[in-house]
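Fold and contact review
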Amino acid sequence: DTAVSQTPKYLVTQMGNDKSIKCEQNLGHDTMYWYKQDSKKFLKIMFSYNNKELIINETVPNRFSPKSPDKAHLNLHINSLELGDSAVYFCASSQDHGGYGTQYFGPGTRLLVL
Amino acid sequence: GENVEQHPSTLSVQEGDSAVIKCTYSDSASNYFPWYKQELGKRPQLIIDIRSNVGEKKDQRIAVTLNKTAKHFSLHITETQPEDSAVYFCAASTPGNQFYFGTGTSLTVIP
């Protein structure tokens, strides 16, 4: 099942480092999302892009910068990593933005900041 | 914006019993309500959804009901099995808007 894929699957790094997570979908969807899931399992939306354009930018530190080179890819770059950034990050995609578009999630990237 | 509340946060049932998870939403414009199941260490996956023009939808052992007047919707799982153990998320969205997820319910089915 590689409809929505993410790399890497696990990421262990030191505080202060910069890291990137990549996401690709082969479903032909127009919209992609990044979610953060913390230890309490809350799924919090961070960003969404529709056809390479930023649609949603929730209250996220500007250390997080999404980039969408084309509508099949949405990468997440994180600068100056902090302990509180440790979480599972899920990429997702949907045919359209919200409404009736089912969201398909990637396998997640487990980030641990030491 | 939309606010989705989900109860209970944890639920334990005996195998074969039914499980019910409830969600309420605040935005009367919300018209799409999906339910996702997340097994341990896995990604959330859609299990059933309902649109606002329908009051109930069923798929084998799972069903979802929607009360638009009261702004709440529920997930019903009958004849629960150990493999139903997971975290379940409800969500609500309006056209052209993002999903607002509930806080999740951790369901444990005791064999």
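Residues numbered from 1 in each chain as written. Chains lettered and ligands numbered in written order. Predicted model: local features only at pLDDT ≥ 70, side-chain atom pairs only at ≥ 80, totals over all residues. Heavy atoms only, no water.

Points about the overall build of chain B
The cut-off we apply is this: Helix and strand assignments follow DSSP, with helices taken as H or I runs no shorter than four residues and strands as E runs no shorter than two, numbered in order from the N terminus. With C-alpha atoms as the basis for the radius of gyration, the globule rule is written as 2.2 Å multiplied by the number of residues raised to the power 0.38. To sort residues, take the accessible area from a 1.4 Å probe on protein chains only and compare it with the maximum for the residue type: under 20% means buried, over 50% means exposed, and anything in between is partly exposed. Residue contacts follow a heavy-atom distance rule, with two residues in contact if any of their heavy atoms lie within 4.5 Å. Areas reported as accessible are Shrake-Rupley estimates using a 1.4 Å probe. Residue values count occlusion only from the protein chains shown. By the counting rule applied here, Lys and Arg register as positive and Asp and Glu as negative, while His and the ends of each chain are not counted. Charge positions come from single atoms, namely NZ of Lys, CZ of Arg, CG of Asp or CD of Glu.
When its secondary structure is counted, chain B shows zero helices and 11 strands. Reading chain B from its N terminus to its C terminus gives the helix and strand order β-β-β-β-β-β-β-β-β-β-β. Against the 2.2 N^0.38 benchmark of 13 Å for 111 residues, chain B shows a C-alpha radius of gyration of 13 Å, consistent with a compact globule. The dimensions of chain B, computed from C-alpha atoms along their principal axes, are 40 × 25 × 20 Å. Burial status across chain B gives 46% buried among its 111 residues. Long-range pairs, those at least 24 residues apart, make up 53% of the contacts in chain B between residues at least 6 apart in sequence. Of the accessible surface of chain B, which amounts to about 5300 Å², a share of 46% is contributed by carbon and sulfur atoms. Computed over 10 positive and 12 negative side-chain charges, the separation of the two mean positions in chain B equals 5 Å.

Brief notes about the state of the cysteines
Defined as follows: Put simply, a disulfide is two cysteine sulfurs that come within 2.5 Å.
One pass over the full model with this rule turns up two disulfides over all chains. Disulfide pairing is shown between Cys23 of chain A and Cys91 of chain A; the S-S distance is 1.8 Å. Classification of the bridge connecting Cys23 of chain A and Cys91 of chain A rests on its S-S torsion, roughly -75°, and on that basis the disulfide is left-handed. Residue Cys23 of chain A is located in strand E3 (residues 19-25), and its partner Cys91 of chain A is located in strand E9 (residues 87-94); the two are separated by 68 residues in the primary sequence. The side chain of Cys23 of chain B participates in a disulfide bridge whose partner is Cys90 of chain B; the two sulfur atoms lie 2.0 Å from each other. Here the S-S torsion is close to -100°, and the disulfide linking Cys23 of chain B with Cys90 of chain B is therefore left-handed. Here Cys23 of chain B, found in strand E3 (residues 19-25), pairs with Cys90 of chain B, found in strand E9 (residues 86-92); they are 67 residues apart in sequence, far enough to count as distant.

A few points about the nonpolar core
For the record, the criterion: To define a nonpolar core, start from buried Ala, Val, Leu, Ile, Met, Phe, Trp, Tyr and Cys residues and group those joined through side-chain atoms within 4.5 Å.
Core analysis: the biggest nonpolar cluster contains 23 residues, and Trp35, Phe73 and Leu107 of chain B have the highest contact counts within it. Among the secondary structure elements, those contributing two or more residues to this core are strand E2 (10-14), E3, strand E4 (32-38), strand E5 (45-51), strand E7 (62-67), strand E8 (72-77), E9 and strand E11 (105-110) of chain B. Counting residues in each nonpolar core, the second largest holds 20 residues, with Cys23, Trp34, Phe64 and Cys91 of chain A among its members.

With respect to the sheet that holds E3 of chain A
Residues and elements named next belong to chain A. The condition is simple: Pairing between two strands is assigned when DSSP locates at least 2 bridges connecting them. Angles shown run from 0 to 180 degrees and are taken between the N-to-C directions of axes, each axis being a line fitted to C-alpha atoms and, for helices, limited to the stretch in contact.
Here four strands make up an open sheet; going across it, the order is E1-E3-E8-E7 and the pairing antiparallel. Lying at the two open borders of the sheet, with one neighbouring strand each, are strand E1 (4-7) and strand E7 (64-70). On average, adjacent strands in this sheet sit at an angle of 20° to one another, irrespective of strand direction. Pairing of E3 with strand E8 (residues 73-78), which is carried by four bridges, proceeds in the antiparallel orientation. Across the sheet, residue Lys19 finds its bridge partner in E8, namely Ile78.

Focus on the sheet that holds strand E6 (residues 56-59) of chain B
All names here are of chain B. In spatial order, the strands read E1-E3-E8-E7-E6; together these five strands make up an open sheet with antiparallel pairing. With partners counted over all chains shown, the strands left at the sheet margins are strand E1 (4-7) and E6, one partner each. Adjacent strand axes in the sheet meet at a mean angle of 15° when their direction is disregarded. With four bridges connecting them, E6 and E7 associate as antiparallel partners. The partner of Lys58 across the bridge, within E7, is Ala63.

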